[in-house]
Structures are given as C-alpha cells and as structure tokens.
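In case you want the letters, here they are:
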Amino acid sequence: MDRVLVTGGNGLVGSQFIGEKYHKIGSKKYDLINPIASYSIIKREWDGVIHTAAKVGGVGGNMNHKGEFFYQNIMMNTNVIESCRQADVKNLVVFLSTCVFPNDVEYPLTEKKIHLGPPHFSNDAYAYAKRMADIQIRSYREQYGLNYKSVIPTNIYGINDNFDIENGHVIPSLIHKCFIARETKTPLTIWGSGKPLREFIYNKDVAKLTEWVLENYNEDEPIILSTSEEISIKDVVGMIVELMNFKGEVKWDTDKPDGQFRKPSDNSKIKNYLPDFKFTPLYDGLKETIEWFESNYENIRK
Ligand code: GDP
C-alpha cells in the first residue's frame, strides 16, 4: 500500500506510524464528528485507512464525561466507516479497546466475548459506542464484502501520550504525578488499592502489529493486540518510582476508583499469525517513555 490515512495522527498510537506512505491527520484540521468533514478527507483515494482517532481517557475521564465519550466516539466511528465505504476504500482498521468487554465474563477475554453482557459501569458509555463499531464493521463486511476490520489493544502507553493527571490513563498520570512529587518534594498519591491488574502494550508495538493487520488480516472478528502479561498497579508504581529516582513517600488513596479488577486477554490469535513477534518489555518501554517525558516536559500534552 502506498497511501494510508491515519486518523488521530498526533495521538498515542497514530503518531507511531512512520514513513512516507502515512498521511496523518488530527482533530484540529478534520473534525470527524462531522460527516462532511470526514468524507472530505477520506474521499482522496487512500489504499488504506487506520482509524485511531477517539475520545479517550482513564477511569476518571470516563466516569466524569460519559456524554462526551458516547457521542464523540459513536459519531467518529460511524462517519469514518461509512465515509470509507462511500469512497471505496479497500482496507480499513478501526481501534476498539479491551474496555468494550463485559464486566462479568469468563476470563481470559477472547475476540468472541465482546457482546456477552454489559461493560463495567465506569466506562460503559465509551464501551457501548466502541461496540457499535464492531457491529458496523461486521454489517459492512456482510453486505458489501469489504475488508474492514478492528483491533482490540489492551492498555496502551508510550511517548506522545496525554499526561493529564485527572483524565489520563494510569501510566502517563503516574509519570506526571511522580515528576511533580519529586520536584516539589511532596508525597506521590496513587488512586485505588494498587491491587488491580492490567496488561500494558507499548505504542510502537501496537503500530507495528496494526501495519500487519491492515495488510494481512481479513476476518469478521476483531483481533486482540496484547502481551497477555498481567501486572498489578502496585508493581507499575514500583517501576516508575525506580526509573524516576523518586525517594519520597507513596500514598494510596482508596477513596479513588479501582475500576475493573482485572481484564486478562487471550492473545493466541495474533500469536498464531505472528509467532516471532517480540513485545517490548514493560520496563524498557517505561524507561523510553520517561526519558522522553523528562526531555519534552514543556511541550507535551498534559
Ligand atoms: P482502565 O484500564 O480503563 O481502568 O484505565 P486506567 O489507565 O485509568 O487504569 C486504571 C487503574 O489504575 C485503576 O485501578 C486505578 O485505580 C489505577 N490508578 C492508580 N493511580 C492512577 C492515576 O493516577 N490515574 C489513573 N487513571 N488510574 C490510576
């Protein structure tokens, strides 16, 4: 493929597609919530489209902005997928998230379990909006025979993230909070009990796997992008504290939400396709992210 459009091109994942063939757009130039704006960019003869643009946030952002999360995500997905169909785009990858899965479900999560029950209340608005992208893709595959598909990454982190403390995801929020605590010699306060488990994936790995999906994957079901290695929030805090050389006090604020306790995923589908793929170890990815954060502090999203 020579011409690939990436929506959310300034974001955590979108920014990691590197090379001449990628044309990256951000929300300032094209408001994909508007169907006319969406079609105006997608009609320009792309070989493929990677749709990473989304209204995203961590457990705080999700709980406090459900209306925005629902409306913006459902509109963007609907417009982008329909614009691709109208413009006769042959290949499309849409980003879902492990938040789409039911709260009460037998683990591990697999691509077959998305619609088996309601999602966790903390992010249900986001989850239902994203589930509809799966339905739209399946419907378009069935009716129009299009090679459109979706990926389900677990918790993504890396350079270029949004380091907003209230609304960001756990890793960028903790890096930012640890930085402030170190610089101002105050305690570092962590939300929740530290017991929840998550699976983190480095944004560069997500971009590499998505390049493969765009070119090669052609199934009705989404494909999970995951290391399938769980780690507790407490252990993540330990790594960040060490890498940032923070010597102060760590406090746990159990009045803040824990969110879902765990959501382990089964990565056997991607592993079967790409048995030799080497995921970046969390410690190494965190080290790169923290170095980038410290050297770009003035200019980052926060
Ligand atoms: P989730 O996987 O959708 O729940 O998203 P998050 O990236 O927000 O991860 C949330 C987990 O990290 C929860 O268990 C939180 O209690 C915990 N956590 C600890 N400190 C923080 C923080 O400063 N920000 C966020 N977002 N989560 C935190």
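Above this text sits the structure in question.
This section reports on the structure supplied with the text. Nothing here was measured: the structure is a model prediction, and the numbers come from that model.

Before going further, it helps to examine helix 6 (residues 203-216). Between its first and last C-alpha, helix 6 extends 20 Å over 14 residues, near the 20 Å set by a 1.5 Å rise per residue. Within helix 6 the residues assigned to the buried category are Asn-203, Asp-205, Val-206, Ala-207, Leu-209, Thr-210, Trp-212, Val-213 and Leu-214.

Let's shift gears to the sheet that holds strand 5 (residues 147-153). A sheet is described by the order of its strands in space; here six strands give the open sequence 2-1-3-4-5-10, paired in parallel fashion. Two strands close off the open sheet at either side, each with one partner strand: strand 2 (22-25) and strand 10 (223-225). Sheet twist, expressed as the mean angle between neighbouring strand axes with direction ignored, is 20°. Pairing of strand 1 (residues 4-7) with strand 2, which is carried by four bridges, proceeds in the parallel orientation. If you follow Val-4 over to strand 2, its bridge partner there is Tyr-22. On the sheet, helix 3 (residues 66-86) packs against strand 3 (48-51), strand 4 (91-95) and strand 5 and is oriented at approximately 175° with respect to strand 4. Across the sheet, helix 6 touches strand 1, strand 2, strand 3, strand 4, strand 5 and strand 10, and the angle it forms with strand 4 is around 145°.

The next subject is the side chain of Lys-130. Among the secondary structure elements, Lys-130 is positioned in helix 4 (residues 124-144). Buried and unpaired, Lys-130 has no salt bridge, with Asp-134 as the nearest side chain of opposite charge at 12 Å. The residues touching Lys-130, leaving out its near neighbours within four places in the chain, are Ala-54, Asn-73, Asn-77, Phe-95, Leu-96 and Val-100.

Cut-offs used in this document
Residues numbered from 1 in each chain as written. Predicted model: local features only at pLDDT ≥ 70, side-chain atom pairs only at ≥ 80, totals over all residues. Heavy atoms only, no water. Helix = DSSP H or I, 4+ residues; strand = E, 2+ residues; numbered from the N terminus. Expected span 1.5 Å × (residues − 1). Buried < 20%, exposed > 50% of the residue type's maximum accessible area, 1.4 Å probe, protein only. Pairing = 2+ DSSP bridges. Axes fitted to C-alpha atoms, helices over the stretch in contact; angles between N-to-C directions. Contact = heavy atoms within 4.5 Å. Lys, Arg positive; Asp, Glu negative; His and termini not counted. Salt bridge = Lys/Arg side-chain N within 4 Å of Asp/Glu carboxyl O.

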